[in-house]
Amino acid sequence: MERKEISKAVITRLPRYYRYLGELLEEGVERISSNDLSIRMKVTASQIRQDLNNFGGFGQQGYGYNVKYLYTEIAKILGIDRQHNLIIIGSGNLGQAIANYANFERRGFIVKGMFDVNPRLIGLVVRGIEIRGVEELEKFIVEHEVQIAALTIPKTKAPEIADRLVKAGIKAIWNFAHVDLVVPDDVVVENVHLSESLMRLSYRVSSMQDEETERRAQGQKQT
């Protein structure tokens, strides 16, 4: 059967559903309606139903959603019901922060190795993982069946390292380098540009401040 194409917007919302359903499980909630879930998530009930209908719906009219079942099914859709071996290239502050984030392991992402070019970092151990030199990269990927690589390196070095990763068999790159990578179609890249995210936040804050200033000016004119 041909797999249905799911929009990027729907996929982007799935981790939020998973997070909120996890919170409901922790609270002991067994079932929830789309209306109640919409109030929590601040997404319309119609949007929730449309999103979940892409994968079969999962709900029953008059009953709502079984929280544990839906949580489990979304985990399967996201692929976090299985283990993904991960390496980190770039073992500075950001790379070490990723390695130290224990929640990744609970989601099935196991950090198998860390790599760097800095001789002062090579040999250090972060959360039980020894930092290695990048010359060991290809061999390590094959021996440990690594599927995902996180790049936390300068943008000038990222394209070269990305090429090596692809040739070694990596199928997904979590890219924190501020550069757009050119990779084959069968390799997935998720870009995380922290400065761009901060600029979007700055835009929203500035817009609200400008609107507030304009309202005050209008109020002063009226008085």
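Above: the structure in question.
Below, the structure is looked at part by part. (Residues numbered from 1 in each chain as written. Predicted model: local features only at pLDDT ≥ 70, side-chain atom pairs only at ≥ 80, totals over all residues. Heavy atoms only, no water.)

**Points about the packing of helix α2 (residues 34-41) against helix α3 (residues 45-53)**
- Interhelical geometry of α2 versus α3 gives an angle of 110° and a closest axis separation of 8 Å. Judged by the angle between their axes, α2 and α3 are roughly perpendicular. For the pair α2 and α3, the contacting residues are Ser34, Asn35, Leu37 and Ser38 in the first and Ala45, Ile48 and Arg49 in the second.
- Partitioning the contact of α2 with α3 into residue classes produces three nonpolar, three polar and one charged. (Axes fitted to C-alpha atoms, helices over the stretch in contact; angles between N-to-C directions. Helix = DSSP H or I, 4+ residues; strand = E, 2+ residues; numbered from the N terminus. Parallel < 35°, antiparallel > 145°, perpendicular 65-115°, else oblique. Contact = heavy atoms within 4.5 Å. Nonpolar A, V, L, I, M, F, W, Y, C, P; charged D, E, K, R; others polar.)

**Re unusual backbone geometry**
- Positioned with a positive phi, lysine 42 is a non-glycine residue whose angle comes to about 60°.
- When you line up the elements, lysine 42 lands in the loop between α2 and α3.
- Phi at arginine 127 is positive, roughly 50°, even though this residue is not glycine.
- By secondary structure assignment, the location of arginine 127 is in the loop between β5 (125-126) and β6 (129-133).

**So, the pattern of salt bridges**
- All chains considered together, the criterion is met by eleven salt bridges.
- Close ionic contact of glutamate 27 with arginine 40 constitutes a salt bridge, the shortest N to O distance being 2.7 Å. Note that glutamate 27 is positioned in the loop between α1 (8-26) and β1 (31-32) and arginine 40 in helix α2, a separation of 13 residues in sequence.
- For glutamate 27, a relative accessible area of 48% puts it in the partly exposed group.
- When the shortest N-O distance is used, the salt bridge between aspartate 186 and lysine 171 registers 3.0 Å. Note that aspartate 186 is positioned in the loop between β8 (172-175) and β9 (188-191) and lysine 171 in the loop between α8 (158-168) and β8, a separation of 15 residues in sequence.
- When its relative accessible area of 42% is taken as the criterion, lysine 171 is described as partly exposed. (Salt bridge = Lys/Arg side-chain N within 4 Å of Asp/Glu carboxyl O. Buried < 20%, exposed > 50% of the residue type's maximum accessible area, 1.4 Å probe, protein only.)

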